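Survey of secondary and tertiary structure
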Amino acid sequence: MTADLDIPALSVFVFFFLLVTVMGFVAARWRRPETLAHLDEWGLGGRKFGTWITWFLIGGDFYTAYTVIAVPALVYAVGAYGFFALPYTIIVYPFVFAVMPVLWQAAKDKGYVTAGDVVYGTYGSRALELAVAVTGVIATMPYIALQLIGMEVAIKALGLHGEIPLIVAFLVLAFYTYSSGLRAPALIAFVKDIMIYVVVLVAVAIVPSKLGGYGAVFDAADAAFKAKGSGGTLLSPAQILPYASLALGSALAAFMYPHTLTGIFASSGGNTIRKNAVLLPAYTLLLGLLAMLGYMGHAAGLKVTSNNDVVPALFKTLFPSWFAGFAFAAIAIGALVPAAVMSIGAANLFSRNVWKAYVNPNVTSAGEAQVAKITSMLVKVGALVAILVLPTQFALDLQLLGGLWILQTLPALVFGLYMSWFRAPALLAGWAVGFVAGSLIAWSDGLKPLHTLTFGDAKLTLYTGLLALAVNIVVAVVVNAALSLGRRNPAVAAGR
């Protein structure tokens, strides 16, 4: 275990990890409320986060540790196709600007904590509320697992092998989340985002100069893709539509997840959300620079056993040990923030929309918060067990399904903000058909995110989640029209 241990890198890593651990526990006293025994306080930070805190928090749980690892890895593997994350993080912010302040206002006025609350308050349907809540929880679990995978990659790059280091890091995350709630990741997000910015800006300034400049980087990447006969630094004509559909579908799904909605609901007002929709594209610039590390991996001549090792290998090869340790600490801390918010978002859903709705309707505010705390621990345990017991690819595949699943909650959550035409049974039918049909299509395609439709000699390849959403909406419209017709014509409703 110690033969390849990088002591300078490990020392820097441990320093910063201890720093954020202390911050996580101190966060319970930051902007301390009268009590944390309430979901508004433990799970939403009192709904008082201003522009800068919200910016760091949403950036922290949207641009995650696994993003730092996976986006360059995808670019390293397939080239330009891996840049779909850039247009998707541009498309999403007009949606946030227009829709999320309306959603926040509804949540604030009526005390909603989760998407399930919004849906039940709008339609009065426990079945639709449960569908949205369960979808949110199961879509979040593999997402948390991916954060731990990102942390595991960083820890292994230090020369630490085995499961103990990851378990220790997990315990730290679990305990300070239990203690401090959403305040912990909100406070740590400041450190995490600043560290990631430093790492990426230094990398994109220094690495190309060591590799002969950006021209040499692109030439080396292009030559590597040509040599293996796939990928490229430019999209082929056949890739443009799939690329666009993947970006659009991912953008629509992004703020349906419990963790991103938690950041929205924790904001202090609609204007805070609008300001963030203007400011958050700065992270997209960062993401574009980060993705370039995939091309730099080719220029550096890296030979890795897994594409996920590209970023750690690049820092170990081209930087002194102390800065590599700083970079690995940024990646690991980049896992703590989103994993904490994700577990809190999932816990809020379970506590409010499952436990309170079905198990104990008379639960007190303190009891509800306690259930959420315990659930947040169990969610993280489930994610940890998944990556320790199951193959990594399983978590990756489930996360692809997670995006498809969470996208099916969009009609139930968003349509009611603007129109009263849809009825709960129609939206529930649309959700069920979209969920099942999308899952079956993805399964038949080997859990790949794209599906090809054949029309005679013509073929159309699109993001599976977007196809499932289209089916979802069509079914909801048809069922709703049938219900409306039956309501107007009792003879039709009675089948006569």
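The structure under discussion appears in the preceding block.
Residues numbered from 1 in each chain as written. Predicted model: local features only at pLDDT ≥ 70, side-chain atom pairs only at ≥ 80, totals over all residues. Heavy atoms only, no water.

1. Notes on the overall build of the chain
For clarity, the threshold we go by: Counting from the N terminus, the helices are DSSP H or I runs at least four residues long and the strands are E runs at least two residues long. Just to be clear, the radius of gyration here is over C-alpha atoms, and the globule rule we use is 2.2 Å times residues to the power 0.38. Throughout, exposure labels follow a simple rule: accessible area from a 1.4 Å probe, protein chains only, divided by the maximum for the residue type, with under 20% read as buried, over 50% as exposed, and the rest as partly exposed. Every residue pair with non-hydrogen atoms within 4.5 Å of one another is taken to be in contact. Calculation of accessible area relied on Shrake-Rupley with a 1.4 Å probe; when residues are assessed, cover is drawn exclusively from the protein chains displayed.
Secondary structure summary: the chain contains 22 helices and 2 strands in total. Relative to the 2.2 N^0.38 estimate, which gives 23 Å for 496 residues, the radius of gyration of the chain is 23 Å and therefore close to what a compact globule would have. Projected onto its principal axes, the C-alpha positions of the chain cover 75 × 65 × 40 Å. Buried residues in the chain amount to 57% of all 496 residues. Intrachain contacts of the chain at a sequence separation of at least 6 include 85% that bridge at least 24 residues. On the chain, roughly 19,300 Å² of surface is accessible, and the fraction owed to carbon and sulfur atoms is 69%.

2. What to know about the packing of helix 9 (residues 183–210) against helix 14 (residues 281–299)
Rules: Fitting a line to C-alpha atoms yields each axis, with helices limited to the stretch in contact; the angle taken between N-to-C directions then spans 0 to 180 degrees. Each angle gets one of four labels, with under 35 degrees taken as roughly parallel, over 145 as roughly antiparallel, 65 to 115 as roughly perpendicular, and the rest as oblique. Handedness of a helix crossing follows the sense of rotation of the near helix relative to the far helix, less than a right angle counterclockwise being left-handed and clockwise being right-handed. Put simply, Ala, Val, Leu, Ile, Met, Phe, Trp, Tyr, Cys and Pro go in the nonpolar bin, Asp, Glu, Lys and Arg in the charged bin, and everything else, Gly too, in the polar bin.
Across the interface, helix 9 lies against helix 14 with an axial gap of 10 Å and an inter-helix angle of 45 degrees. The angle between helix 9 and helix 14 falls in the class oblique. Pair helix 9 / helix 14 crosses with left-handed handedness. Along the contact surface, helix 9 presents Asp193, Ile196, Tyr197, Val200, Leu201, Ala203, Val204, Val207 and Pro208, while helix 14 presents Ala282, Tyr283, Leu286, Leu289, Leu290, Leu293 and Met296. Of the residues assigned to the contact of helix 9 with helix 14, the class counts are 15 nonpolar, no polar and 1 charged.

3. Let's talk about the nonpolar core
Which entries qualify depends on this criterion: Take the buried residues of types Ala, Val, Leu, Ile, Met, Phe, Trp, Tyr and Cys, join any two whose side-chain atoms come within 4.5 Å, and each joined set is a nonpolar core.
If you look at the biggest cluster of nonpolar residues, it comprises 164 residues, and the most contacted ones within it are Met100, Phe255, Tyr295, Met296, Phe315, Phe328 and Leu413. It is helix 16 (residues 321–359) that provides the largest number of residues to this core, a total of 20 residues. In this structure, Leu401, Leu404, Trp405 and Ala442 belong to the second largest nonpolar core, which totals 9 residues.

4. Remarks on a nonpolar patch on the surface
Stated precisely, the cut-off is as follows: Like-charged residues within 9 Å of one another, or nonpolar side chains (Val, Leu, Ile, Met, Phe, Trp, Tyr) within 5 Å, are grouped into patches, provided each residue has over 30% relative accessible area and no salt bridge. Should a side-chain nitrogen of Lys or Arg be within 4 Å of a carboxyl oxygen of Asp or Glu, the pair is scored as a salt bridge.
A surface patch of nonpolar side chains, amounting to about 450 Å² of accessible area, comprises Val102, Tyr418, Met419, Trp421 and Val477. Trp421 gets classed as partly exposed once you look at its relative accessible area, which sits at 42%.

5. Examining the environment of Tyr63
Structurally, Tyr63 can be placed in the loop between helix 3 (51–62) and helix 4 (65–78). Taking C-alpha positions, Tyr63 is 9.8 Å from Thr89, a pair spaced 26 residues apart along the chain. Sequence-distant contacts of Tyr63, that is, excluding residues within four places in its chain, are made with Ile58, Thr89, Tyr93, Lys192, Leu280, Tyr283, Thr284 and Leu287.

6. Here's the deal with the pattern of salt bridges
Throughout the structure, instances matching the rule amount to 6 salt bridges. A salt bridge links Glu129 to Arg126, with the shortest nitrogen-to-oxygen separation between them at 2.7 Å. With Glu129 and Arg126 both in helix 7 (residues 126–157) and 3 residues apart, this pair spans about one turn of that helix. With a relative accessible area of 34%, Arg126 lands in the partly exposed category. Between Asp193 and Lys192 there is a salt bridge whose closest N-O contact spans 3.0 Å. Classification of Asp193 by relative accessible area gives buried; the value is 1%. Through salt bridges with shared partners, a single network forms among Asp117, Arg352 and Glu368.

7. Considering the packing of aromatic side chains
Rule in force here: What counts as a ring pair is set by centres within 6.5 Å for rings of Phe, Tyr and Trp (its six-membered ring), and what kind of pair is set by the plane angle: stacked under 30 degrees, edge-to-face over 60, tilted for all other angles. For a Lys NZ or an Arg CZ to count as sitting over a ring, it must be within 6 Å of the ring centre and within 35 degrees of the ring normal.
Evaluation of the coordinates by the stated rule reveals 24 aromatic pairs. The interplanar angle of 45 degrees and the centroid separation of 4.8 Å between the aromatic rings of Trp55 and Tyr283 together place this pair among those described as tilted. Pair noted here: Trp55 is in helix 3 and Tyr283 is in helix 14, with a separation of 228 residues, a long-range link. On the basis of an interplanar angle of 40 degrees and a centroid distance of 4.5 Å, the ring pair of Phe56 and Phe190 is categorised as tilted. Of this pair, Phe56 sits in helix 3 while Phe190 sits in helix 9, and the two are 134 residues apart along the sequence. Overall, the relative accessible area of 11% leaves Phe56 in the buried class. Above the ring of Tyr120, the side-chain terminus of Arg126 is found at 3.8 Å from the ring centroid.

8. A word on the pairing of strand 1 (residues 450–455)
The following threshold applies: For two strands to pair, DSSP has to find at least two bridges joining them.
Where strand 1 lies against strand 2 (residues 458–463), 6 bridges are found, and the strand directions are antiparallel. Paired with Thr454 across the two strands is Lys459, which belongs to strand 2. Where strand 1 folds back on strand 2, the antiparallel hairpin that results is connected by 2 residues, among which Gly456 adopts a positive phi of roughly 65 degrees.

9. A word on the side chain of Thr54
To keep things clear, this is the line we draw: Identification of polar contacts relies on pairs of N or O atoms within 3.5 Å, with a donor-acceptor requirement for protein atoms, meaning one able to donate a hydrogen and the other able to accept it, and with residues adjacent in sequence counted only if both atoms are side-chain atoms.
For Thr54, the position within the fold is in helix 3. On the accessibility criterion, Thr54 (1% relative accessible area) is buried. At 3.2 Å, the side chain of Thr54 forms a polar contact with the backbone oxygen of Phe49. Every residue in contact with Thr54, bar those within four places of it in the chain, is listed here: Phe49, Gly59, Gly263, Ser267, Thr272 and Asn276.

10. Details of helix 4
For clarity, the cut-off: One fewer than the residue count of a helix, multiplied by 1.5 Å, yields its expected span.
Between its first and last C-alpha atoms helix 4 spans 20 Å; for 14 residues at 1.5 Å apiece the expected length is 20 Å, and the two agree. Helix 4 sits mainly inside the fold: 12 of its 14 residues count as buried. Phi turns positive one or two residues past the end of helix 4, at Gly79, with a value near 85 degrees.

11. With respect to helix 15 (residues 310–318)
Burial analysis of helix 15 places 7 of its 9 residues in the buried class, which makes it a mostly covered element. When we look at burial in helix 15, the residues that qualify are Val310, Val311, Pro312, Ala313, Leu314, Phe315 and Leu318.

12. As for the side chain of Asn480
Among the structural elements, Asn480 can be located in helix 21 (residues 464–488). With residues near it in sequence (within four places) discarded, Asn480 still touches Trp421, Phe422, Arg423 and Ala426.

13. Let's talk about the packing of helix 14 against helix 15
Close contact between helix 14 and helix 15 brings their axes to 10 Å; oriented N to C, the two are set at 60 degrees. Accordingly, the angle class assigned to the pair helix 14 and helix 15 is oblique. Seen from above, helix 14 lies across helix 15 with left-handed handedness. Along its contact with helix 14, which presents Leu293, Met296 and Gly297, the element helix 15 presents Val310, Val311, Leu314 and Phe315. Counted by class, the contact of helix 14 with helix 15 contains 6 nonpolar, 1 polar and no charged residues.

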